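# What the coordinates show
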Amino acid sequence: MANLLELKNVSKVYSRGLINTKATIALQDISLTLRENEPTILTVAGESGSGKTTLAMLLLGFTTPTTGQIIYRGKNITTLHGKQRMAFRREVQAVFQDPFAVFNPFYTVDHLLTVPIRRFKLAKSRADARNRMDEALTAVGLRPEDVLGRFPHQLSGGQRQRINVARALLLKPRLLIADEPVSMVDASLRANILETLRNLQRDHGVSIIYITHDLTTAYHISKSIIVLYRGAVMEAGDIDTVIKSPRHPYTQLLVDSIPWPNLEKRWGVQPIKARDSGASTEGCRFRSRCPMAMEICKTPPPLFRIDAHHTASCYLYAEQPQVAPDHLSELLPA
Amino acid sequence: MMSEVLSDRPTTSRTSALSARPSGPEPVLRVQNLEVTYYTDAGRAKALDDVSFTLSAGEKLGMVGESGSGKSTLALAMMRMIKPPGRIEAGRVIVGDTDLTGLDDDAMRKARLSKIAYIPQGAMNSLNPVMRIGAQMVDAVKSHMNGESRSSIGDRCAHALKSVDLDASVFRMYAHELSGGMKQRVCIAIGILLNPQVIIADEPTSALDVVTQRQVMETIDRVQKEINAAVILIGHDMGLMAQFVDKVAVMYAGRLVEVSTVREMFTDPKHPYARALISSLPNLDNKGVFQGIPGLAPSLLRLPTGCAFHPRCTHAMDICGTTRPEVRMLASGRVVTCHLFNEEA
Ligand SMILES: Nc1ncnc2c1ncn2[C@@H]1O[C@H](COP(=O)(O)OP(=O)(O)OP(=O)(O)O)[C@@H](O)[C@H]1O
Ligand SMILES: Nc1ncnc2c1ncn2[C@@H]1O[C@H](COP(=O)(O)OP(=O)(O)OP(=O)(O)O)[C@@H](O)[C@H]1O
Ligand SMILES: [Mg+2]
Ligand SMILES: [Mg+2]
């Protein structure tokens with residue numbers, strides 16, 4: 001079966017400062033395979049700064065990996081040219097995280113939507129283009145006659161975010177990388193938009209990488225999940241299993257911190273240990289905050305296979321067989 | 001300009017009905033009949049229509065509602081920060097015993113931050129990237145208070161950082177050196193520098209992971225207790241609301257359609273939009289079931305006649321298409337804007 005996009009042992013290191021170089025390992029040795037004919041929805045979750053957006057930027061070819069390769073339809077994305085590059089640009093789309101930052105304030109919504117239509121020659125005529133815009137806007141709960149012609153600053157936060165989603169829908173990609181696409185809309189609209197995304201996957205064969213900190217919505221639309229912490233995979237597998245019985249202490253803290261819309265289920269029983277910015281990157285990255293930390297955690301933990309669709313990078317499961325980092329995808333159900 | 005508009009508008013009986021709600025102590029915030037219009041090329045959009053509510057010291061109000069329903073506009077109007085083509089057409093905002101709507105521009109500038117503070121939507125991205133955090137804090141104090149000594153400003157900033165659980169070293173850092181949660185806490189620290197009586201936080205945690213969210217909310221909670229402020233939390237996350245606020249206000253198309261205690265809202269929402277909102281909340285028992293509210297939010301330029309929600313409402317009656325429902329207080333003290341409750345009021 002053909003692979004659409006593969007990450008092979010990808011790491012990304014940012015260094016800052018010229019003299020006293022301080023390196024941030026934003027992503028460490030991640031391998032991931034997205035198959036052409038197995039559309040899936042994969043959630044990437046993890047706290048702020050864990051490398052989620054970095055992963056998205058790498059997949060989109062907006063930043064280059066420090067080590068490792070990103071392969072699109074059998075070709076390294078850095079070597080794509082002409083038609084192939086154009087195809088990649090169209091087939092892999094993104095909804096960017098910050099709706100306040102992505103729009104050029106001088107362009108109207110029409111402009112933002114017609115540019116990709118023209119660039120990828122999506123419409124046969126002007127009327128066809130307008131129809132497509134209307135369809136995409138309606139799918140995210142916006143009235144075309146209300147938002148077309150407006151400038152970004154004339155829209156509310158959630159409206160801007162939805163323009164972003166509409167733009168991605170318009171392009172009918174094969175892979176959609178959605179970085180917090182619904183963080184600024186209400187529960188009801190969130191349900192509508194997520195349903196649109198799910199149908200995209202189910203009926204139109206689009207794979208979706210859903211980047212979020214919202215584990216409840218992730219649970220509802222995805223098949224599998226990868227939990228990152230400071231650039232490393234902590235836990236991964238079938239989303240039902242990971243969310244209902246998390247094994248890694250970090251995932252346990254995350255699940256415990258979900259604010260439930262339920263008055264009887266109080267928020268956060270576990271106290272939060274402050275994140276220690278100077279903590280060493282040696283060994284398990286969660287070590288300094290982990291209530292279960294042991295001596296052995298000073299050496300980097302490999303992934304341990306908990307069952308067919310569940311793995312955790314934690315010595316608490318050291319009895320279990322190990323999983324090589326580049327076999328991670330095999331534990332993610334499609 | 002505004003005070004002229006306001007002075008000839010009589011206080012309606014509705015307002016007094018609302019402020020009569022037996023909510024214990026004297027309210028620290030009274031918003032009365034606030035109305036905002038955006039004059040766009042396509043026409044007039046009434047983004048805020050006759051909004052009134054009160055809040056006591058130490059109380060936390062959650063402001064929820066569909067995207068575009070006017071929540072940020074309400075916050076901006078309370079701060080008198082609506083910019084053209086928007087205009088405050090009517091209404092009063094009273095903090096303690098100061099009527100903000102009556103202040104001249106200079107007095108209003110001072111009132112911001114010292115009486116009422118606003119942490120805007122997307123605030124953490126608005127920190128100046130080339131200025132140290134400390135310099136931005138000092139600027140904020142200086143522009144609102146004349147003649148405070150340098151050392152006392154320094155103490156104030158240090159105290160604010162400490163209240164949001166940030167290390168004093170953050171004072172000398174730049175925004176890009178901080179994580180999202182830390183930046184958000186800096187914004188809160190700036191908001192509380194001058195111990196305001198009212199703090200409005202517009203989606204303070206929507207960009208943060210749940211662990212950091214919990215830290216930020218715990219921070220706001222602690223700070224609020226420390227200075228006994230009233231807090232308005234604007235947001236979409238009903239989970240956060242359930243965990244954090246005392247009262248919930250629901251907006252729809254520029255109007256407040258329900259104000260209830262958090263318990264009432266989650267166990268027995270009254271307004272059909274509030275009911276639909278509550279039942280659209282996800283849980284872990286119904287995987288893959290999406291219960292959005294069908295239909296689109298109305299255009300503010302062409303609001304439906306009668307109740308703006310009637311085209312989407314499953315309980316709509318004839319009257320809903322013709323007559324605009326009044327804001328009513330039910331016997332229980334809850335406020336609902338819906339014809340279904342005409343008898344109960
Ligand atoms: N251009 C850059 N230069 C230097 N460091 C960077 C750069 N971009 C990201 N980083 C660092 O890499 C790490 C991962 O950042 P990333 O933006 O991928 O996190 P994230 O998981 O998307 O966080 P959030 O939930 O806050 O969006 C962070 O420590 C961040 O500070
Ligand atoms: N400068 C402006 N010019 C014209 N219309 C505007 C302007 N600013 C806001 N609006 C409109 O006013 C309405 C209310 O916007 P507001 O930002 O208050 O919504 P909100 O409830 O905060 O939404 P969100 O939850 O998406 O942030 C929206 O329909 C918006 O499009
Ligand atoms: Mg990010
Ligand atoms: Mg808003």
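About the thresholds
- Residues numbered from 1 in each chain as written.
- Chains lettered and ligands numbered in written order.
- Predicted model: local features only at pLDDT ≥ 70, side-chain atom pairs only at ≥ 80, totals over all residues.
- Heavy atoms only, no water.
- Helix = DSSP H or I, 4+ residues; strand = E, 2+ residues; numbered from the N terminus.
- Rg over C-alpha atoms; globule rule 2.2 N^0.38 Å.
- Contact = heavy atoms within 4.5 Å.
- Areas by Shrake-Rupley, 256 points an atom, 1.4 Å probe, with all protein chains shown as cover.
- Lys, Arg positive; Asp, Glu negative; His and termini not counted.
- Charge placed at Lys NZ, Arg CZ, Asp CG, Glu CD.
- 1 Å grid on protein atoms, 1.4 Å probe; cavity = no way out; pocket = protein on both sides within 12 Å on 5 of 7 lines; lining within 4 Å.
- Points joined across faces, edges and corners; volume = space filled by probe spheres on them.
- Expected span 1.5 Å × (residues − 1).
- Buried < 20%, exposed > 50% of the residue type's maximum accessible area, 1.4 Å probe, protein only.
- Arc of directions from axis to C-beta.
- Polar contact = N/O pair within 3.5 Å; in protein donor to acceptor, adjacent residues only side chain to side chain.
- Near = heavy atom within 4 Å.
- Nonpolar A, V, L, I, M, F, W, Y, C, P; charged D, E, K, R; others polar.
- Buried area = accessible area lost by both parts, 1.4 Å probe.
- Salt bridge = Lys/Arg side-chain N within 4 Å of Asp/Glu carboxyl O.

Of the regular secondary structure elements, chain A holds 10 helices and 13 strands. By the compact-globule yardstick of 20 Å for 334 residues, chain A fits well, its C-alpha radius of gyration being 21 Å. With respect to the principal axes defined by its C-alpha atoms, chain A has extents near 65 × 50 × 45 Å. Counting only contacts in chain A whose residues sit at least 6 apart along the sequence, the fraction spanning at least 24 positions is 63%. With an accessible surface of roughly 14300 Å², chain A has 51% of that area assigned to carbon and sulfur atoms. One finds the centroid of the 42 positive side-chain charges in chain A at a distance of 7 Å from the centroid of its 31 negative side-chain charges.

Turning next to empty space enclosed by the protein. Empty space among the atoms becomes visible once a probe the size of a water molecule is rolled across them. For the coordinates displayed, the defined rule picks out seven cavities of 30 Å³ or more. The volume enclosed by the largest cavity comes to roughly 500 Å³. Together, 42 residues line the largest cavity, and Arg190(A), Asp214(A), Thr216(A), Thr217(A) and Asp237(B) are the ones closest to its centre. Contributing elements (two or more residues each) for the lining of the largest cavity: helix H7 (187-204) and helix H8 (215-221) of chain A together with helix H8 (210-227), strand S8 (230-234) and helix H9 (238-244) of chain B.

Residues and elements named next belong to chain B. For helix H6 (residues 150-163), spanning 14 residues, the distance from its first C-alpha to its last is 20 Å, which sits close to the expected 20 Å at 1.5 Å a residue. Among all positions in H6, only Ile153, Cys157, Ala160, Leu161 and Ser163 are buried. Buried residues in H6, looked at end-on, bunch into an arc of 165°, giving them a common side. Away from its buried face, by an angle of more than 90 degrees, H6 presents the exposed residues Ser151, Asp155 and Lys162. Turning to H6, the residues buried within the fold contact helix H5 (133-144), helix H7 (180-192) and H8.

Moving on, we get to the environment of Ser67(B). Among the secondary structure elements, Ser67(B) is positioned in the loop between strand S3 (60-65) and helix H3 (71-78). C-alpha separation for the pair Ser67(B) and His310(B), spaced 243 residues apart in sequence, amounts to 18 Å. Excluding residues that lie within four positions of it along the chain, Ser67(B) makes contacts with Ser156(A), Gly158(A), Gln159(A), Arg162(A), Val185(A), Asp186(A), Leu189(A) and His236(B). Side-chain polar atoms of Ser67(B) contact the backbone nitrogen of Gln159(A), separated by 3.4 Å. At 2.9 Å, the side chain of Ser67(B) forms a polar contact with the side chain of Arg162(A).

Right, let's talk about the site of ligand 1 for a bit. Residue and element names in this part refer to chain A. For ligand 1, the full set of nearby residues is Tyr14, Thr24, Ala26, Glu47, Ser48, Gly49, Ser50, Gly51, Lys52, Thr53, Thr54 and Gln97. Within the backbone of Ser50, a nitrogen or oxygen atom sits 3.1 Å from an oxygen atom of ligand 1. Measuring from an oxygen atom of ligand 1, one finds a backbone N or O atom of Gly51 at 3.0 Å. Expressed as a share of its isolated accessible area of 630 Å², the protein-covered part of ligand 1 is 64%. Counting only elements with at least two residues in the shell around ligand 1, the list comes to strand S2 (22-35) and helix H1 (52-59). Residue contributions to the shell around ligand 1 peak at three residues, all from H1. Its residues placed into classes, the shell around ligand 1 shows two nonpolar, eight polar and two charged.

Bringing the interface of chain B and chain A into the picture now. With 53 residues of chain B at the contact, the number on the chain A side is 60 residues. Across the chain B/chain A interface, buried area totals approximately 4800 Å², and carbon plus sulfur atoms make up 58% of it. When the buried surface of chain B facing chain A is broken down by residue, Arg214(B), Gln243(B) and Phe290(B) rank first, second and third, together holding 18% of it. Between the two partners, chain B and chain A, sit five salt bridges. We note a salt bridge from Glu145(A) to Arg302(B), for which the minimum N-O separation is 4.0 Å. Connecting chain B to chain A are 14 residue pairs in polar contact (both at pLDDT 80 or more). Put simply, the parts of the chain that give the side of chain B that touches chain A at least two residues each are H7, H8, H9, helix H10 (262-267) and helix H11 (272-279) of chain B. Per-element accounting of the side of chain B that touches chain A gives the leading share, six residues, to H8(B). Residue composition of the side of chain B that touches chain A, by class: 23 nonpolar, 21 polar and nine charged.

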